[in-house]
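# Summary of the model geometry
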Amino acid sequence: MPYVPPASEPELYVQGLVVDRRHHGRGVGAVLLEHARAEAASLGVALLRVDCYAGDDGRLVAYYESRGFTRTESFRVGDWPGQILEARLPAATG
């Protein structure tokens, strides 16, 4: 994404994670994030990053933190506050 500083190592970047509100609370987002972790592992990549809206009550940032991500850089796109988060995956073994 143009507003995200490049990683200093290979990464898998979740560019968008959207779940229909009708399925809220059913674990769909968690399953999709686990799929991204598995994809990164299959590629031998140890860094998984995502960005999200960081305004209002911060619930979206807290959600990613509950899924094992940690905050890194904050950013703004116009008036839109955002947060980059990352998850470290176990090093791949050949």
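Here we summarise the structure given alongside this text. The structure presented is a predicted model; accordingly, all values stated were derived computationally and were not measured.

### Concerning the pattern of salt bridges
For the structure on display, the rule yields 6 salt bridges. Between Glu11 and Arg49 there is a salt bridge, with the nearest N and O atoms lying 2.5 Å from each other. Of this pair, Glu11 sits in the segment before β1 (12-14) while Arg49 sits in strand β2 (residues 47-53); the two residues are 38 residues apart in sequence, bridging distant segments of the chain. The class for Glu11 is partly exposed, based on a relative accessible area of 28%. Residue Arg49 is classed as buried on the basis of its relative accessible area of 5%. Of the charged contacts in the structure, one is a salt bridge between Asp20 and Arg22, with a shortest N-O distance of 2.7 Å. Overlapping salt bridges bring together Glu9, Glu86 and Arg88 as one network.

### Details of the sheet that holds strand β3 (residues 70-77)
The strand order across the open sheet formed by 4 strands is β1-β2-β4-β3, and the pairing between neighbours is mixed. Of all strands in the sheet, those with a lone pairing partner are β1 and β3, marking the two edges. Between one strand and the next, the sheet's axes are offset by a mean angle of 25 degrees, whatever the strand orientation. Against the sheet, helix α1 (residues 28-42) contacts β1, β2 and β4 (80-88), and its axis sits at roughly 165 degrees relative to β1.

### Some points on the pairing of β4
Judged by how many residues are buried, β4 sits mostly within the fold: 7 of 9 residues are covered. Of the strand pairs in this sheet, β2 and β4 are connected by 7 bridges, and their pairing is antiparallel. Bridge pairing in β4 links Arg49 to Glu86. Pairing of β3 with β4, which is carried by 6 bridges, proceeds in the antiparallel orientation. Residue Phe75 lies in a different strand from β4, and its bridge partner there is Gly82. Turn length for the β3-β4 hairpin, with the two strands adjacent in sequence and antiparallel, is 2 residues, and the turn residue Gly78 shows positive phi of about 65 degrees.

### Describing the nonpolar core
Core analysis: the largest hydrophobic core is formed by 14 residues, its most contacted members being Val14, Leu48, Val50, Cys52, Tyr64, Phe69 and Leu85. For this core, the elements supplying multiple residues, two or more each, are α1, β2, α2 (59-66) and β4. Sequence-distant contacts of Leu48, defined by excluding residues within four places in its chain, comprise Leu12, Val14, Leu33, Ala36, Arg37, Phe69, Leu85, Glu86, Ala87 and Leu89.

What counts and how
- Residues numbered from 1 in each chain as written.
- Predicted model: local features only at pLDDT ≥ 70, side-chain atom pairs only at ≥ 80, totals over all residues.
- Heavy atoms only, no water.
- Salt bridge = Lys/Arg side-chain N within 4 Å of Asp/Glu carboxyl O.
- Helix = DSSP H or I, 4+ residues; strand = E, 2+ residues; numbered from the N terminus.
- Buried < 20%, exposed > 50% of the residue type's maximum accessible area, 1.4 Å probe, protein only.
- Pairing = 2+ DSSP bridges.
- Axes fitted to C-alpha atoms, helices over the stretch in contact; angles between N-to-C directions.
- Contact = heavy atoms within 4.5 Å.
- Core = buried A, V, L, I, M, F, W, Y, C linked by side-chain atoms within 4.5 Å.

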